[in-house]
Each structure stands twice: as C-alpha cells, then as structure tokens.
Amino acid sequence: MAGCRPGVPGSEQAWLEVAQAFIQETLCPPGKEPDVQLAQLVIDCVKTTWLSQGTSQGLTLPLSYSFVSVKDLRTHQRLPCCSHLSWSSTVYQAWAQEAGPRGVPLPRERLLLLGTLTDLSGNLEQECRNGSLYIRDNTGALDCELIDLDLSWLGHLFLFPSWSYLPSPMKSPGEGHVELWGTPVPVFPLTISPGPLTPIPVVYPEMASRLLRYRSKHRNVQPNLAGNLIRFSALVKSQKKAYFVLFLGGSSPAGTQVSVIVQVPAQLVWHRALCPGRAYVLTELRVSKLPGHRYRVWMTSTSSQLLPLKPECVRELELELTGVPLEADPQSLPRPSSPQDKKCPGPDCLVRDSILLSYTGMVTDTLNQPAGLYELDRKLELCLAYQQFRGLRRVVRPGVRLELQDVHLLQSVGGGTRRPILAPCLRGAVLLRGFSHQVPETQFSHQVPQASLYEQLVWEHQLGLPIYLWVTKALEDLACKLCPHVLRYHQFLKYSSPGDPSLGLQILAPILEVLIPPGCPGRNTHSEILEEPHHCPLQKYTQLQTPCFFPTLAFLKEEAKRRAWASFDPKTLLPLPEASHLPSWQLNQRLAWSWQCLLPSAFRPAPVLLGILVPSSRKGCLRLRDQSGSLSCLLLAQPLQPLTDPRLIGCLVRADRFQLVIERNVRSSFPSWKELSTTDFIQKKQARVYVQFLLADALILSVPRPVLHSATSSTPPRTEPSPPEGPHIEQSRLFLLSHKEALMKRNFSVPPSASSEVPQPTLSFHVLGSWLGGTQRKEGTGWGPPEPKEDENSDQKVLLLFLGSSVRWFEFLHPGHVYRLVASGPPTLMLFEEGGSSCVSQHPLELAGCASCLTVQDEWTVELASSQDIPEVLGIRPTLPESSLTDLLSGNSADSLVSFSAEIVSHLWMKPGSSGAVRRCVKLTVALETADYKFPPHLDVYIEDPHLPPPLGLLPGARVYFHQLEKRVSRSHNVYCCFRSSTCVQVLHFPPDTTVPLPHIYLAELLQGDKAPFATASCHVVSVFSLHLLWVCAHCTSICPQGRCPRQSPACPTQTSVSQASIRLLVEDGTAEAVVTCRNHQVAAVLGLCSSEWTSLLEFVRGPGKVALQFTGPGAQLESSAEVDEPLTLFLWTLCTSFSVLRPMVLSFELERKPSKIIPLEAPRLQRFQCGESPFLTRVNPKIRLSCLSIQEHEHPNALGALVSSC
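Residues numbered from 1 in each chain as written. Predicted model: local features only at pLDDT ≥ 70, side-chain atom pairs only at ≥ 80, totals over all residues. Heavy atoms only, no water.

S.K.: Could you give me a rundown of the sheet that holds strand β21 (residues 355-368), with the residues and numbers involved?
M.R.: Pairing within the closed barrel is mixed, and its five strands lie in the order β21-β22-β23-β25-β24. Averaged over all adjacent pairs, the angle separating strand axes in this sheet is 55 degrees, with direction ignored. Looking at chain direction, strand β23 (residues 380-383) and strand β25 (residues 421-434) are connected through two bridges and run parallel. Opposite L382, over in β25, you have L422 as the bridge partner. (Pairing = 2+ DSSP bridges. Helix = DSSP H or I, 4+ residues; strand = E, 2+ residues; numbered from the N terminus. Axes fitted to C-alpha atoms, helices over the stretch in contact; angles between N-to-C directions.)

See below:
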C-alpha cells in the first residue's frame, strides 16, 4: 500500500479502515461476524511496536506500511526483501552495511506481516507435521525459519516486526520462505503455565541406562528422564518416518549419556527449540528395540513432553534393579567392519581418520549450492551433503552464521580440493545462529531443490567425501560444457531412475565403476547416530588422485596448439648433424609440415573428450561441439569400418581413448641451418587441430529433445527442418551407393535470371548409385510399400549432387551401403524422378551414364537403411574395389584410374620450385598393402589444388583406402599417383600409438620378389668405392671454393655455404653383397670420426671446395685441384682402407631403386674367381643398391670380425 502524507487525519482513518478490513479477511475465522476486539488488539500491537523505535516523527500509526497476507506475499513479491517495523532508517542503513562489499543487502519494503506460528502446513492432521515451521492465516501457509524457538509460541497469533522474504529461486508460484529476525510480538498475551502441583518423579541418565539393561518389575513403567542436553543429531527423514536423536547426560561431561529417539510427528519441532547445554525433562518415555540391533533404546511416546528442568519441580525416582543384565552396554558393542577399513595399507592407499570437533563460523561464499558446498570464513570448505539439508539449502548463503556440532574435519582429501573440509554426518547438528543480510546469489537459480543427482550419489552410490568432491567438480564442468544451450540444467542434474537415467550419471558411470568399491553397504542411520565408537562414511578417507577432467573443447584446442608450438623447434625437427648439410630450399621444405599426436596420457590428469556430434555445412567434416566452441573430428566405427549411421548426429559422445592431432604448417625462409634458432625467418604459422577415435571406444548417449542450438554454432545440431504450412508428409527412396567423389569446390552453371552476382565455386560432392524400388510414404512409424514403376527393368542409376548445406552428409556416405533419402513437406509427385521439382537437368551430369540426375535439397535427410528394408542387398558385406599390383605398377597407361589400400610412410609439403615441383602440393609416400609380398612396395601420391588442404587423417602410420587415383609414369620410369575430382579417400586405421621398429633381415632376402623398402641388417664393410666431400651454396647449391658462391648474375641473396658428403660402400653379411650410399652426417659415422674431427676435416675441404676419391684398388684417384700426394688425400685414402672403416656395423637402409620403378631387374651374370691356382666360374647376382638411413655400432664387433676374416 502506498504511504499517505503524515499529519492528515483522513490518512489515519483510511489506514485504520484498510487495517480492519485486512484483519477481518485474513485473521478472523471465516463466516463469522467482525471481531472488533481482535482488530483493536492487532492495531494496538502494531502501534506499540511502531512507537518503540523512538523516531515516529509524531505519527501514532505507521501510515507508510501496508498489511500483506501470506497469499499476496507468495504471489506478488517476486524479489527478495525485508521489513523492519521497529527500525529507523539509520538502523537499517547500518544493518545493510553488514552485508559486506561483495554482497547486495536485502532491499527494504514497508510491509506488515501477521499470522499464526505453527508446525502444521496445510491441514490440521498430525501426520502432516515434519518439523517445519509455518506462518498461517486465512489465505494460506508460508514456510518460515526462526533461530531460537519457544515451544509455547506454537498456535498463537503474532505480529512479526522484523523479517525477510525470499521467493523460490525456481520462480514457482506459491514457493518461498520467511526468515524471522526478531522476536515475534504476540497479539494476545501469552499465558505462562504454572509449575506442577507436586514434584515430577524423574530418573537421571545413569539409572535410565541401567533400566535398559535389566529386566525388572519396572519395565512397563514410562519414566520421566531429566538431564543436560549433551548433543542432538540431525533430523533424518525417510520414506517411512522422520526422527532425530538427543543425548542427555549428567552434570559431568564424562558421565553416562542416554540417547532418546524422537519420532512422533508432533514432537519433531523440538529439533528447532533444543539448545545444547541446557537441562530438560522428557516425560513418559518408553523402551523400544530397533530392528537389526541387539540392544534397546528410549523413545518418546505420543504423550511425551519437553520441559525445562527446574530442580524445585522434580524429584528423583528410586528404583530397585535386580537380576542379570539382559545385554551388554550398547556403548561397548563392536561396530561392523566396512569396505573402507579393508583398503590396502600401502602408501598409495593410505587410510586416514577424520577429526570430530565443533565449529562456529560464517558462510562467506557459495561454492555449489545443489551439492551442499560452501566456504566458511574464507579458509574452510563446508559440505552439507551427508545430511538431509533440503531445509537448510534455502537459508544457507553468504552472511549466514552456523554452529556445527560433532562435525568431521578432513584434510588433504585430494581430487583438486586444497583446503580443509568440514562435513557433518547424521550424528552432528547444524544450528542456525544468524541470518544473512544479503540477497541470494542467482548463479544457482536454475537448480531443482527436490531430489537431485547429488543426493543420489551420497545416499545410493555411497560416495566417500574425496570422490564426492571430485564428482561435484566434474558435474560443474560438464554443466558449463552442456548447459543451457545443449541441455537444461534440471535435465542434466535430475534424479536418475532405471527408466529415466540421468545424463550426468551416465557420463560419470565408467569412472565411478572404478572408484567405488563393489559391495559397499548402504548407510544405517541408527548405527551412524547411536553406535560408539562412531562410524560413518566420513570417519575414514583416502586421499584421491584426480582420475580425469572434462575440459571444454575450446580449452583442448588451445592447449593442443600451445603444446604444439611450444614443442616446435626447428633444431629438434632437423637435428644438427643432418640439418648442417641441407641447402636452404630443402631445409625449409622439411620444416613446412610436421605433426604431433597427443594422447590422454600426455595430460595430468587425463582429459575425457565430450561433445555433441554435429556435421559441418561449410567444410563437410564432423565436429564435436559444446558451449565453448567446436573441434573437428575423424571417427571410425571400428578399425576398417567407416561411420555410416547419420542417427549419430546430435548424440553426446564421450571418449577417454583418443588421439589429439595437431598438423603444423610453417612458411619459412631460413638461409641455412645456422639461423634455425632465429624465429624472424618464419613468415607464417598455422595449425590444424582435430581429434580422431573409434566409436567402439566411446560412449554414445542420446540427448533429450528439444536440443537448444548453441550461440556459437554455425550449423544446427539437429537436421530436421521446421515443418512447412499445409499437409505434411514424409517421402523417401532407397539407393545403393556405388561411388563417391571428392569433396571440393566446383563450378555450377546457373540460369542467367537467377542472380546478378558472379557465381563462385561451391563446395560439393557427387555420389553415383542405383535406386532400389520406388518412392515410399511414411505410414505410422514405418514406411509404406514402394510406388510401382512404369518400367521396372529400366536403368535405375542415379547421380546425386550434394552442395550447400547438404554436404553435411559427406562423412556418412560410403560405397557399398544402402541409404534412404527422406524428404519432408507437402505431397509432391515425381519428387525423386527426373523432371521433378528438385531435379537438375545438366548435360555434364548426364554424361555419367545415369538415368536421372538429382540435387539433394538442404532440408532433406539421409538415413542408413535397415536390414528389414532390403535384406537381400544388406546381407552382402560391402568390399572395397582394389587394383591388382601388376596393373598398378605396370607401364600400361590404359588403366589410368587405380584404387588400393596403403599405409602412409611419409607426408611432405612441397613448395613451387622445390624438387621440380611446379605448384604447391603434398607428397605422400605410401606402402601398398598386398598379400603377395612379404614387404609391401612403396608409391608416391601427390595432392594438388583444389584438393588442398588434404583430408583429415592422412598421417604417417595411418592405413588409408584411395579410390580412383590417377596413375602416372615419370620420365625416370617411376609410377606415381595424383588426386583428381573422382578420387575418394577413406581412413581405415589410425596411426598406432607406438612406433614399430624396422624389420631385421638378411641381405639375401632383398634378392627375392618381396623386397623390404625399409629394414635393418647386421653387416661388414668390405671396401669403399668412392668418397665425395664438397661445399655448396645454401641457396643455389653451386660449388663454393673458399666457402664463397661463384654465382655473379644474379648474385645469391646469401653467401652462406653448407658442406655435403657422400660415400659408397660395399657391405656383406655372409648371404649377399650390397652397395650402400651414405650421405652427409652418416659419412662421419662410417669414417668413425667424432664431431670435432669431422668438423676439422670439412674445414680442410673448404679451400678447394670439393674433394672426390675413387677407389678402384690400391691407391686413390684424385678428382680435385689438389695434388695426388696432398696430405688430405693421403689421410682419406689411409682412413678408408683401415679397419676403422672396414668394420662390422648395424645398418638401417631403404632401397635405392623403388619397387614402383618399371625398369626390369638386372639378370645374374657369370663371374670368374681365382682361389690359389684354381679358377672358379660362378653365377653372381647383381649387387643390391641401398641408401643408408642410420648406422649403429655392432654389439659384438670382435666376434663378427673374426667370422668375416675367416671366410
């Protein structure tokens, strides 16, 4: 009600009339005459309280205040507020300052609240009492909280002068509660009950304890128990009943304590009135035996009362106990063992004991309100999850003061928690000692106050505190990833049931199965409260090592880039012994592309990949998406099995086994190896980050609909369009896919009147297939029969064109599978026929030999056909067509399109001008997969524009299927392949996590048909054929005498020279001979020179610029400007003919002549040998020519040398 102008008698009269009408409507019994006396008492009560502030400014009535009923407060007050009738503005401002700099004080409203304080909610039935307090008037009841309750207040009408109202955070109508700050003012004077006429006979705790253990004639007596309240438990609410336990003792803390169970509904409100340290009398108790326990306890009866203990009003009851005790002292009973006590005692599984204590402090922050996590005094954390804190949840917020009795202190719990934790179990009590001055935080307003996933984790899954704290952090991270645009908060954190599982619990299930010990028993609430020594889930704990974490996709992507560039070191990619001999173009080409694969084990803790699977309409690839962004991904259903089911779109994918791939592209202009540490020569850096994993290793979860579209998304996660106006039906047609072309930008002709803009190349792809039957219409949940065709024997081939948004189906379409093309909308004749509304009649498409050419519309969808649709087709496992090895490596150009499976050996980016490259391209060296050869032959595959950048997954070690590559033959008779528009690539297997060592073979195996392109052999150097040492220009590779480039016009931009070396050796291993060519730093290893010796030798060569030696027998032939007897020549000749070079070694090599070379092998020839005086004529195979990869010293050189010298 709006305030009236003070000092005007009419305003007071109007206020009184409104007050009387309000009292009659909300406080007087309905249907009766107006109660003038009640109205006057209420007005006098308001007037007295108003005048008590001393600053009424001459007003006898609070004209600025208006009365509010419970119904109006619940319905119309949507924001938190407070009202203080007896406070002046100065007092309120001082009170508001106590909210602190971080909090927002409760705004003040001028409202008058009256009602009856009761523990009955809606009706007057006793069973509706659960220990809660309410303010009730004729319009309804409202929950309230009171710090210090006097039981004599219940059922009386009060004016509440100081209170605050907090509406429900869920904004549900009718919810909310009142916090009563000051002592309520009774409208009617409270009658003080006189003491008993005669002293009450009582027993004290020691006698009460003995009564439980002895059978006597007093066993049917309901005694009165007197004593000091030592402590009381939390209020436990179950499906059957609610109860709490209080403990009374004598004046000495070490004396006997007796527990009393209070479970009568009308007595549950005692829990709010009890105060530890005070003395009480409990009347008319009875003995009861708890189910599952051997001993008996005291319980209150329906006629029991809670009275303050006054020594003058009681007398001790003398009882005589005889006989043998019935049972042992319940405090000395052994407690049952639990799985936590049986854990390993090792250092990695150290079981710790928590500490029981009492603590009083202020809540300074809300960490996770639904999980019951708060901050105390800026230094501790408080976990209320192990109590049923639903009532406390609405009250506890920053600024609230709490007293914790018998609370557990846990330190160093791990799992990402660093501060000590206070956590009360059911034994302890959480007492409210002061309300908060602050407005509740809104960050948790989305949560549901009813039973949630957090309660289920504690009460059903029996999580210990370290695991629970980690799970709450994980759920919070998951909610940030998925809510609210992907999933609603209440859907994610809802209570999980068998028919309706919680998505959050499904995501954490694989981890919880490992962390939670099997066979963990449920919590026994009576034992947790009553048994001594005390045992509960918080008593013992083990420090938790964080098992994993759920990073956002944006963090994972940025962290991958950061690590990739942090580890990018040209000196590491090109080790100095190798890089010091490379010219500039080769140096920069080797740095142009590199990759790094990060496994989950590379992170601490290990990350778990999580996101919604969505297709990209701009790039045609698949992506994982969350709130932070998206991450490209490459998926396989299983090894050798592609992804074919589009129903995976929109599903939540969880994977803890994956490969995070970073492809680095660098454009650099390093003059030589000396400048590799200077980053100024790097002009551009780019990184392509994606993740690849198997669906067999992932958890696929369906997301409840409707799925909200992320604001960062460029493609809706769901592909179903909104239904158009008019009749809406679904039509479909099955087709068998036989060929898929590359996804690339193509030019399409458009009608002249379509647009005035110049047409641009459009990302698209084609598929070639065959229709299987006619068009079908949706009938219920299935598809009706196909429409009959005029000519069933006609050609059913079709060319489907996917462009625009429809390229999102690219990753799901694979040859050999049957799909269903689905169109939703109004009924359309000949929808999938030539001449239909969606057909494109273009001459280039008709040249493909198809009966119809069809453009797939953006709103159409593609489904994988089921086995019930066409079992005769789907029963055949699709196979990938492959060209024979003979056709692949032959010089016949008739079969120019080839298909094969291969393993990628190397991946190299080539710039124009490097190694004869005309334009930018990617060179893949692949090892062909064939069963005819023990060692697969190698082949080069080139990828040029417009196929750049290459598809995802073309990494060294990956197995890939190439379909319809163009085969070409080089001028040096090498077979190689190139991408073209009809080429399709399918990754069959990801690179292995570990590298496979080269096979160790005998040289004679290379003379057989199946040659190993890369291998290792233990051999002996027989002789040296030639040795070349030279210095060349790093830019133009010209010979540089004195280290200077002789090129003048135009002069090279740099005068840096690099050394190069090569040596040809004859080696044998007892089975065959081979000629091995070693280059650059390998020459130093062959000559047995250390780094300083090798550097000195090259400096001697810098003067002439080139030294070349040919060994045709004893002596050397000089091919440089130096004299024959020059010391350098003599030194090299002596070194190459010494046992320092002619020694055993382990040689890693590759074939110098590729298996893809078409020139036939040289035939064996006859050769004459002289052994003493006897000549021998034998057939000798041609020497094998090898290129050295690395050289290692033999482990047993003496034994091998003795073997060779004896032959």
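Here the narrative resumes, following the displayed structure.
S.K.: Pulling in residues and values, what's your account of the pairing of strand β14 (residues 257-262)?
M.R.: Along β14, five of the six residues are buried, which leaves the element largely enclosed by surrounding structure. Alignment of strand β13 (residues 242-249) against β14, held across six bridges, turns out to be antiparallel. When the sheet's bridge partners are listed, L246 is paired in β14 with V260. Bridging between β14 and strand β17 (residues 296-300) involves two bridges; their strand directions are parallel. Within the sheet, the bridge partner assigned to V260 lies in β17 and is W298. (Buried < 20%, exposed > 50% of the residue type's maximum accessible area, 1.4 Å probe, protein only.)

S.K.: How would you explain the sheet that holds strand β36 (residues 698-701) if you had to name every residue and give the values?
M.R.: Across the sheet, eight strands lie side by side as β28-β34-β35-β32-β31-β30-β33-β36; this open sheet has mixed pairing. Unpaired on one side and paired on the other, β28 (593-598) and β36 mark the two borders of the sheet. Going from strand to strand, the sheet's axes swing by 35 degrees on average, the running direction of each strand aside. As defined by bridge partners, strand β32 (residues 629-636) adjoins strand β35 (residues 682-694) across five bridges and the pair is classed as parallel. In the sheet register, C633 faces β35, and the bridge partner there is V691.

S.K.: Pulling in residues and values, what's your account of the side chain of H271?
M.R.: By the element assignment, H271 lies in helix α6 (residues 270-273). Residue class for H271 comes out buried when judged on its relative accessible area of 16%. Leaving out residues up to four positions away in the same chain, H271 has contacts with F232, S233, A234, L235 and F244. (Contact = heavy atoms within 4.5 Å.)

S.K.: Go over the pattern of salt bridges, please, and point to the residues and values.
M.R.: Counted according to the given criterion, the structure contains 32 salt bridges. Ionic pairing is found between R231 and D406, a salt bridge with its closest N-O pair at 3.5 Å. Taken together, the residues R231 in strand β11 (residues 225-232) and D406 in strand β24 (residues 401-410) connect sequence positions 175 residues apart. Given the relative accessible area of 17%, D406 is considered buried. When the shortest N-O distance is used, the salt bridge between K923 and D940 registers 3.9 Å. Pair noted here: K923 is in strand β46 (residues 921-928) and D940 is in strand β47 (residues 938-944), with a separation of 17 residues, a long-range link. (Salt bridge = Lys/Arg side-chain N within 4 Å of Asp/Glu carboxyl O.)

S.K.: Outline the nonpolar core, supporting the account with residue identities and numerical values.
M.R.: Grouped together as the largest cluster of nonpolar side chains are 51 residues, with contacts concentrated most on L465, Y468, L475, F492, I507 and F550. The set of elements that each furnish at least two residues to this core consists of β25, α8 (453-459), α9 (465-482), α11 (503-515) and β30 (609-615). With eleven residues, the single largest contributor to this core is α9. Apart from the residues lying within four places of it in its own chain, the contact partners of F492 are L453, L475, L478, A479, L482, C483, L487, S502, L503, G504 and I507. One finds L556, A564, L598 and A655 within the second-largest nonpolar core, a separate group that totals 49 residues. (Core = buried A, V, L, I, M, F, W, Y, C linked by side-chain atoms within 4.5 Å.)

S.K.: Could you give an account of the confidence of the model for the chain, naming the residues involved and the relevant values?
M.R.: Confidence in the prediction of the chain, expressed as mean pLDDT, is 82, and 84% of residues score 70 or more. Confidence drops under pLDDT 50 across residues 1-8; counting only partners more than four residues distant or on other chains, this segment forms 13 contacts. (pLDDT = per-residue confidence, 0-100.)

S.K.: Describe the environment of C1019, naming the residues involved and giving the relevant values.
M.R.: Tracing the backbone shows C1019 in strand β51 (residues 1014-1033). Considering only alpha carbons, one finds C1019 and G1070, 51 residues apart in sequence, at a separation of 8.0 Å.

S.K.: I'd like a description of the pairing of strand β48 (residues 959-969), backed by residues and values.
M.R.: By the bridge criterion, six bridges tie strand β45 (residues 897-910) to β48 in an arrangement that is antiparallel. Bridge pairing links L897 to E966 in β48. By the bridge criterion, five bridges tie β48 to strand β50 (residues 984-989) in an arrangement that is antiparallel. Among the inter-strand pairings, H963 is bridged to a residue of β50, identified as C984. Where β48 lies against strand β49 (residues 975-978), four bridges are found, and the strand directions are antiparallel. Its bridge partner lying in β49, E966 is registered against C978. Counting the residues that bridge the hairpin from β48 to β49 gives five residues, and of these H973 lies at a positive phi of roughly 65 degrees.

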